[in-house]
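Fold and geometry: a report
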Amino acid sequence: MPVDPTLIASLSPQQVACLRLVAELRTSKQIAEILGISSHTVDTHLSNAVKKLSVLNRMEAARLLVESPLPHPERLTGQSPPVASGVERPTEPSHQFDSGEPVGRQISLSRWTRLAIIVGGAIALVYAVVLIVVGAEVITRMTEKYSHPAPAGVPPPRQGASRGV
């Protein structure tokens, strides 16, 4: 069913950009990273677009937008530069878990830096174990040195017995 072009024209440039990325099967988090805004803002833009288009969900709104004769976001007037220039269009729809590539910021470290981090962690772990063993030995020696033997003829206190009763 064709949509009224005035409904599509009533969408803000940000709503259009978000819907185009929804059509590419992007999540709110991915859209937020691409557009440089928060995922809450993305959800707000999409919610407002769904209401304006009188549809049930964001995928229906994205479908209506894709099927409409509206020009691409780069040609829209009054659009902020991050939205207009920051939208990257992959050649095929991406799926969140199908790419096999890690998601998020990736830091490239040299082999020697990674080795230094691993060796440093191992040394810290050995140091912690030594401290625990030495600490236990010190506590044992202090307990032996400062414990007072019970006087002859006095039975040792019972375990769990209260003192004043």
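Refer to the preceding data block for the structure.
The text that follows walks through the structure, step by step, so that each part is easy to find. Computed from a prediction, not measured in an experiment: that's the story for all the values here.

Along its length, the protein chain carries seven helices and zero strands. Along the protein chain, helices and strands appear, N-terminal first, in the series α-α-α-α-α-α-α. Expressed as a percentage of its 165 residues, the buried residues of the protein chain come to 23%. For the protein chain, the share of sequence-separated contacts (at least 6 apart) that also reach a separation of at least 24 residues comes to 70%. Carbon and sulfur atoms make up 62% of the accessible area of the protein chain, which amounts to about 12500 Å² in all.

Looking now at the pattern of salt bridges. For the structure on display, the rule yields four salt bridges. Measuring nitrogen to oxygen at the nearest pair gives 3.1 Å for the salt bridge that ties Arg-63 to Glu-67. Of the two residues, Arg-63 and Glu-67 both sit in helix H5 (residues 58-67), four residues apart, roughly one turn of that helix. The partner of Arg-141 in a salt bridge is Glu-137, with the nearest N and O atoms 3.0 Å apart. Of this pair, Arg-141 and Glu-137 both sit in helix H7 (residues 111-146), separated by four residues, roughly a single helical turn. Taking relative accessible area as the criterion, Glu-137 reaches 39% and is therefore assigned partly exposed.

Turning to its location among the elements, Ser-38 is positioned in the loop between helix H3 (28-35) and helix H4 (39-53). A relative accessible area of 37% means that Ser-38 is categorised as partly exposed. When the C-alpha atoms of Ser-38 and Ser-28 are compared, they prove to be 8.7 Å apart, with 10 residues separating the residues in sequence.

Attention now goes to the nonpolar core. Ranked by internal contacts, the top residues of the largest apolar core, which has 22 residues, are Leu-11, Leu-19, Ile-31, Leu-35 and Leu-53. Listed by contribution, the elements that provide at least two residues to this core are helix H2 (13-23), H3, H4 and H5. Per-element tally for this core: the top contributor is H2, with six residues.

By secondary structure assignment, the location of His-45 is in helix H4. When its relative accessible area of 18% is taken as the criterion, His-45 is described as buried.

Scoring rules and cut-offs
- Residue positions within a chain follow its written sequence, with the count starting from 1.
- Local features in a predicted model are, by the rule used here, given only for residues with pLDDT of at least 70; side-chain atom pairs are given and counted only at 80 or more, and totals for whole chains, interfaces and linings are based on all residues.
- The basis for the side-chain values is all heavy atoms of the structure; hydrogens and waters are excluded.
- Helix and strand definitions follow DSSP, with helices as H or I runs of at least four residues and strands as E runs of at least two, each counted in order from the N terminus.
- Each residue gets one of three labels from its accessible area relative to the maximum for its type: buried under 20%, exposed over 50%, partly exposed in between, using a 1.4 Å probe on protein chains only.
- When checking whether two residues touch, look at their non-hydrogen atoms; a contact exists if any pair is within 4.5 Å.
- For the accessible areas, the method is Shrake-Rupley and the probe is 1.4 Å, while residue cover comes only from the protein chains on display.
- We count a salt bridge whenever a side-chain nitrogen from Lys or Arg sits within 4 Å of a carboxyl oxygen from Asp or Glu.
- Only buried residues count toward a nonpolar core, which is a set of Ala, Val, Leu, Ile, Met, Phe, Trp, Tyr and Cys residues joined through side-chain atoms within 4.5 Å.

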